[in-house]
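Summary of structural features
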Amino acid sequence: MASNARMTPEEAARIRRQDAAGRLDHGDPEVRRVLDEANRTSVRAHVYGRDAAARRTTRVSLLVTAGAAALFAGGLALHFLLLSP
């Protein structure tokens, strides 16, 4: 029975701690599936932030950085276009 509910980072951390303690049976395919989901959730939480506000901050930072890089590249291109004889 598959659930559409996403695992929270706290649940993922709890499952990973159980695995690190050797309490999970890796021979059971369902346990491996849950452990894989816990690992993916933990990585996403680490990379993108634990909550919506942190993800939004990451997204805004990436957009600002991309905008600054595009502005720099455009200015550099304009500079060389104006200097060419």
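Residues numbered from 1 in each chain as written. Predicted model: local features only at pLDDT ≥ 70, side-chain atom pairs only at ≥ 80, totals over all residues. Heavy atoms only, no water.

**Some details on helix α2 (residues 29–48)**
- Helix length check: α2 (20 residues) gives 28 Å between terminal C-alpha atoms against 28 Å at 1.5 Å per residue, within 8%.
- Of the positions making up α2, those classed as buried are Leu 35, Ala 38, Thr 41, Ser 42 and Ala 45. The arc enclosing the buried residues of α2, seen along the axis, measures out at 125°, which places them on a common side. Those residues of α2 that are exposed and aimed more than 90 degrees away from the buried face are Pro 29 and Val 43.
- With a side-chain oxygen positioned 3.1 Å from the backbone nitrogen of Glu 30, the residue opening α2 is Asp 28. (Helix = DSSP H or I, 4+ residues; strand = E, 2+ residues; numbered from the N terminus. Expected span 1.5 Å × (residues − 1). Buried < 20%, exposed > 50% of the residue type's maximum accessible area, 1.4 Å probe, protein only. Arc of directions from axis to C-beta. Polar contact = N/O pair within 3.5 Å; in protein donor to acceptor, adjacent residues only side chain to side chain.)

**Details of the pattern of salt bridges**
- All chains considered together, the criterion is met by two salt bridges.
- Arg 33 serves as the salt-bridge partner of Glu 30, at 2.6 Å between the closest nitrogen and oxygen. Within this pair, Glu 30 and its partner Arg 33 are both found in helix α2, separated by three residues, close to a single helical turn.
- Ionic pairing is found between Arg 33 and Glu 37, a salt bridge with its closest N-O pair at 3.4 Å. (Salt bridge = Lys/Arg side-chain N within 4 Å of Asp/Glu carboxyl O.)

**Structural notes on the packing of helix α1 (residues 9–20) against α2**
- As a packed pair, α1 and α2 sit with axes 8 Å apart at the nearest point and diverge in direction by 125°. Between α1 and α2, the angle falls in the class oblique. Here α1 runs over α2; the crossing is left-handed. Between α1, through Pro 9, Ala 12, Ala 13, Ile 15, Arg 16 and Asp 19, and α2, the contact on the second element is made entirely by Val 34, Leu 35, Ala 38, Asn 39, Thr 41, Ser 42 and Ala 45. (Axes fitted to C-alpha atoms, helices over the stretch in contact; angles between N-to-C directions. Parallel < 35°, antiparallel > 145°, perpendicular 65-115°, else oblique. Left-handed = near helix turned anticlockwise from the far one by under 90°. Contact = heavy atoms within 4.5 Å.)

**Observations concerning a positive patch on the surface**
- Side chains of Arg 6, Arg 40, Arg 44, Arg 55, Arg 56 and Arg 59 sit close together on the surface and give a patch of like positive charge.
- Listed by contribution, the elements that provide at least two residues to the positive patch are α2 and α3 (52–83).
- The dominant element in the positive patch, judged by the number of residues it contributes, is α3, at three residues.
- Locating Arg 40 in the fold gives a position in helix α2.
- Judged by its relative accessible area of 44%, Arg 40 falls in the partly exposed class. (Patch = residues over 30% accessible without salt bridge, like charges linked within 9 Å, V, L, I, M, F, W, Y side chains within 5 Å. Areas by Shrake-Rupley, 256 points an atom, 1.4 Å probe, with all protein chains shown as cover. Lys, Arg positive; Asp, Glu negative; His and termini not counted. Charge placed at Lys NZ, Arg CZ, Asp CG, Glu CD.)

**Focus: the side chain of Ser 42**
- As for its position among the elements, Ser 42 is in helix α2.
- Relative accessible area serves as the criterion here: at 15%, Ser 42 is assigned to the buried category.

**Focus on the confidence of the model for the protein**
- The predicted model of the protein has a mean per-residue pLDDT of 86, with 86% of residues at 70 or higher.
- The element-level mean pLDDT for the protein is lowest in α3, coming to 88, with α1 highest at 91. (pLDDT = per-residue confidence, 0-100.)

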